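Report on the structure
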Amino acid sequence: MTPGDASHRRPTSRRVLLADRAAEAIITIGGLGVLAAVLGMCVYLAAVVAPLFGGARVAEPRVAESTMFDRVLSIDEFGDAMLTLADGGLILAVTPTTGMEIARFEPPAEGVTAVSEPSIDDLVAMGFADGRVSIGTAGFASGVISSSSAADGDAGLAIGVPTVKLGGVNTPVDASRVRRTTAAVELGVPQDVGLLGAITHVDYREGSLGRRVLLARDAEGNTTLRVVAQRRGLGGGPGRLRVLSSESFRVDDRDRAPDWLLAMREGEQVLAIWRDGVVLRFGQVPGEDAWGRRASRTVVEGGVELTSATVALGGRSVLLGASDGSVRMHNVARDPISDAGDGLRLIESRRLAMTPGPVRAMALARLDRLVLACDDAGHATISHLTSGKRVARVSSAIGSQTIGCGVSPRGDRAVLVSTDASGARMTVFGVEAAHPEASWSALFGSKLYEGEVEPAFVYQSSSASDDSELKMSLVPLVFGTIKATVFALLFAAPIAVLAAMYSSEFLKPEVRRFVKPTVEMMASLPSVVLGFVAAVLVAPFMRDQLAAVFIGLALLPVAIRLGAHGWQLLPGSWRRFGDTGTRRLGIVGALALLVVAALGVIGPLVESSLFRPTRGDLLLLAGSVEPAPEASVPAWVGFRDALGPDEQRRLRASGLGFDDGRVVWPIEPATDLARDRLEAMIQDDGLDQASFRRWLDGSIGGAWPGWFLLLTPVGWLVVWMVERRVPLWHAGLVSDRALALADLGRFTAVLLAGVVLAAAAASAMAAGGLDPRDSIFGPFSQRNALVVGIIMGFAVIPLIYTLADDAMASVPDSLRSASLGAGATRWQTALRVVAPVAGSGIFSAVMIGLGRAVGETMIVLMATGNTPVMDWNVFGGLRTLAANIAVELPEAPAGGTHYRVLFLCGLTLFALTFVINTTAEVVRQRFRKRSAAL
């Protein structure tokens, strides 16, 4: 029986077996617990996000008999009362739930011929047969009073049940309080507005800047537009209306009067609309004081006609109901090359399918961008104007004809008014709109927002005014996350992997035992500390030394290589001088010297050579210009008040500039005195100084220097790859010094050839009209993606380094010995043997570093401007998903749309990392299979 026979083996202790099984159970339970925790977080995030995409809940409708009237003017905030317009200008206040009349308000004079469309700001205007106009307000006043102060009988009513009491509505809020709602209708004395005939159209509304606009037209086509403002004295009291401006023009371009006449954009534009879809836009003629027709457009297709029209929230868009059941939203957007010549154009921003039949009437929710549209058959739909989300669909009694509709300011109550042979009735629907602003297209798609001519991805969760559109596309945040990760890995991955390769294959074991833990300790640095360093130290230094840092980073590897060649040229006695520690100090000193030279000498030298303004740039900067002939002005400039940096750069490529709203070109001063003054100003202001930042901002220079700077490393790489295939002509040299000189000459030839190749490629790119400032470069921001990439790289390097080092150290030494025995150098062995075998581990290390960068919050929060823009400008800002959550979650009301959108950011980040990690695991498994045979 041999010693290795199974009968001679020592039996395993029961205690060891139990410990092994216990450890296995604990590890299994722990792993399942981690999976359960991750899955639970995912389920919780999905549960919070799910209501964003749900529909509204509609309560059981209530039907009440009603007095006949023409239209619904407004509904109070709580849906307790409603103002309607009856024949002859009579305004009735009724309860939507019972149809009881609360109060009535007679017009201030007889002969009402026109009443303004319902306004979300409670403004109303009436036109009369004698050409006068009365303006005022028609709304509600609400307040909470105690039950003892209310009328008798309120205490016994159920909470939420309204009753009519003394010209108002009392609604018990709780056992001790009652909400009192009364109609507040004030119409001023009719005033002369400069029109002679009967008023046929009148419009009165308030814009986003607080100015009120009165628009009126008589039967002869004469139209007046008055911009007024309400002034209130220091002592209080009622406000007084003061006319700020007045314009008169005629609307008689067609053989019949327009069906709708609406004021837009704070009274800057007027739209005359006909049922056949023709829209005439009137405005001020550029450069003149007179008003006139600016443009004409047909907004419907053949066979479709308009059936209703109203102005949307803020007065910047008009809603047009059509016979095909759609509601089309148009706005006057800035388009410099519009045919009207005033830089404006009427465009359709979105179209919503609303009703089966022609849209009879529309109503807007004052506190949200909800629109209620109804057809003659009693079908109605509530949709959100920005997101396009269909909130709810309701229907009134079958067989009746709809004559009007209304919606409460909160959008939680809709009223349909219909009539049949038995009389008029109101159908009231309670609506819980949930989150109408959120839809798949609004959160992940591009939208054509008000005032824009092209769709865009925009994230803007807050605005200066309540009537601005909410913009919550998550695409800029996803893009910012990817951008920050890419720049961080471009900086960290090469350094970490090459450092791991050096420490694993070239570093002595005793030194490696010191270096590796030191690098790993960098992972313990808190993110907030790194972010603080980035914001306080790195960003200001880069601002002041931008060119030196950027150019120095590119030239530093070249300088190190030149230093290595210089070391080979030293005499052997010098290279053998001192012990190992002395040589290490010498290497550190040489590296420090190279860094100083690259940042302090080479960088500024390259900046002064490439980024110096031309004579034309100096003349434009100094203001020595004159208006350019109209024939030389490019057509794309159009009618503009200002040009952006990209547009100015595009214009300057033609030798022109833009100054004070006009296109100019540079001129040399005509006299010696003027020339001397110009040169003195250039010298005093430092306009002739080379500046990389001014080139980035587009103030000076063309495209060639930027392309040359970018393509030079690419040219070196291309030439180096070609050079590797050229036979070593100096391999037969015997002298070490001769070999060193030959290596230096070969490397110098590679550098020169790469520079020549980059210069030729840059010339071709510039000649093709391409400019790197439109993509990779752009305007400089102190907190930018480059700062984020560098600082986040220091947070990622320890993870990638330690995992890649362990992966390469685990490669069997037999493979290294076989490679070295076959004549390969240690570098060739590391690159062509060790790295491929350890490829799965290296790839996993990079992916783990990528996951660390994707979820980074504090560095991005402190080192960028948190601007959700979508461009690859390395000197521009960004906003990531994680940083957005950290910034906005403390201010988001719990359960609101904004709150749930932030949770959607977290769910999107979870999904993004899941996809990346899954892809990484698939790739890693392929690496392992390929190297398994080794």
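An account of the accompanying structure is given in this report. (Residues numbered from 1 in each chain as written. Predicted model: local features only at pLDDT ≥ 70, side-chain atom pairs only at ≥ 80, totals over all residues. Heavy atoms only, no water.)

1. Overview of the sheet that holds strand E25 (residues 344–353)
- Within the open sheet, the four strands sit side by side as E22-E23-E24-E25. Their pairing is antiparallel. Here the strands that pair on one side only, and so sit at the sheet edges, are strand E22 (306–311) and E25. Each adjacent strand pair in this sheet contributes to an overall mean axis angle of 25°, direction not counted.
- As defined by bridge partners, E22 adjoins strand E23 (residues 317–322) across five bridges and the pair is classed as antiparallel. Bridge pairing links Val311 to Val318 in E23. (Pairing = 2+ DSSP bridges. Helix = DSSP H or I, 4+ residues; strand = E, 2+ residues; numbered from the N terminus. Axes fitted to C-alpha atoms, helices over the stretch in contact; angles between N-to-C directions.)

2. Quick look at helix H13 (residues 704–723)
- Between its first and last C-alpha atoms H13 spans 26 Å; for 20 residues at 1.5 Å apiece the expected length is 28 Å, and the two agree.
- Where H13 bends most, the angle comes to about 40°, and this point is Leu711, followed within four residues by the proline Pro713.
- Those residues of H13 lying buried are Pro705, Gly706, Trp707, Phe708, Leu709, Leu711, Thr712, Gly715, Trp716, Val719 and Glu723. (Expected span 1.5 Å × (residues − 1). Bend = angle between axes of the 7 residues up to and from the residue. Buried < 20%, exposed > 50% of the residue type's maximum accessible area, 1.4 Å probe, protein only.)

3. Concerning the packing of helix H3 (residues 475–505) against helix H18 (residues 839–854)
- Direction vectors running N to C along H3 and H18 enclose 140°, while the axes themselves pass 9 Å from each other. Between H3 and H18, the crossing angle belongs to the class labelled oblique. Pair H3 / H18 crosses with right-handed handedness. Across the interface between the two elements, Thr481, Thr485, Ala488, Leu489 and Val497 of H3 pack against Ile842, Val846, Gly849, Leu850, Ala853 and Val854 of H18.
- Residue composition of the contact of H3 with H18, grouped by class: eight nonpolar, three polar and no charged. (Parallel < 35°, antiparallel > 145°, perpendicular 65-115°, else oblique. Left-handed = near helix turned anticlockwise from the far one by under 90°. Contact = heavy atoms within 4.5 Å. Nonpolar A, V, L, I, M, F, W, Y, C, P; charged D, E, K, R; others polar.)

4. Here we look at the packing of aromatic side chains
- Counting across every chain of the model gives 19 aromatic pairs.
- Taking 4.9 Å as the distance between ring centres and 50° as the angle between the ring planes, the aromatic pair formed by Phe611 and Phe692 counts as tilted. A residue pair is termed long-range when its members are at least 10 positions apart, and Phe611 in the loop between helix H8 (580–610) and helix H9 (615–622) and Phe692 in helix H12 (residues 692–696) qualify at 81 residues.
- Accessibility expressed as a relative area gives 1% for Phe611, which makes it buried.
- Geometrically, the ring pair formed by Phe780 and Phe875 is tilted, given 6.1 Å between the ring centres and 50° between the ring planes. A residue pair is termed long-range when its members are at least 10 positions apart, and Phe780 in the loop between helix H14 (736–767) and helix H15 (785–809) and Phe875 in the loop between helix H19 (858–863) and helix H20 (881–888) qualify at 95 residues. Each member of the pair, Phe780 together with Phe875, is buried.
- Joined through ring pairs, the aromatic side chains of Phe611, Phe692, Trp695, Phe777, Phe780 and Phe875 make up one cluster.
- A cation over a ring is seen here: Arg179 above Phe78, with NZ or CZ 4.1 Å from the ring centre. (Phe/Tyr/Trp six-rings, centres within 6.5 Å; stacked < 30°, edge-to-face > 60°. Lys NZ or Arg CZ within 6 Å of the ring centre and 35° of its normal.)

5. Some remarks on a nonpolar patch on the surface
- On the surface, Val528, Val529, Phe532, Val533, Val536 and Leu537 cluster together into a nonpolar patch covering about 490 Å² of accessible area.
- Residue position: Val533 is located in helix H5 (residues 527–544).
- By relative accessible area, which is 31% here, Val533 ends up partly exposed. (Patch = residues over 30% accessible without salt bridge, like charges linked within 9 Å, V, L, I, M, F, W, Y side chains within 5 Å. Areas by Shrake-Rupley, 256 points an atom, 1.4 Å probe, with all protein chains shown as cover. Salt bridge = Lys/Arg side-chain N within 4 Å of Asp/Glu carboxyl O.)

6. Regarding the side chain of Ser527
- Checked against the element boundaries, Ser527 lands in helix H5.
- Relative accessible area serves as the criterion here: at 18%, Ser527 is assigned to the buried category.
- Side-chain polar atoms of Ser527 contact the side chain of Arg852, separated by 3.4 Å.
- Beyond its immediate chain neighbours, meaning those up to four positions away, Ser527 contacts Arg852, Glu856, Met858 and Ile859. (Polar contact = N/O pair within 3.5 Å; in protein donor to acceptor, adjacent residues only side chain to side chain.)

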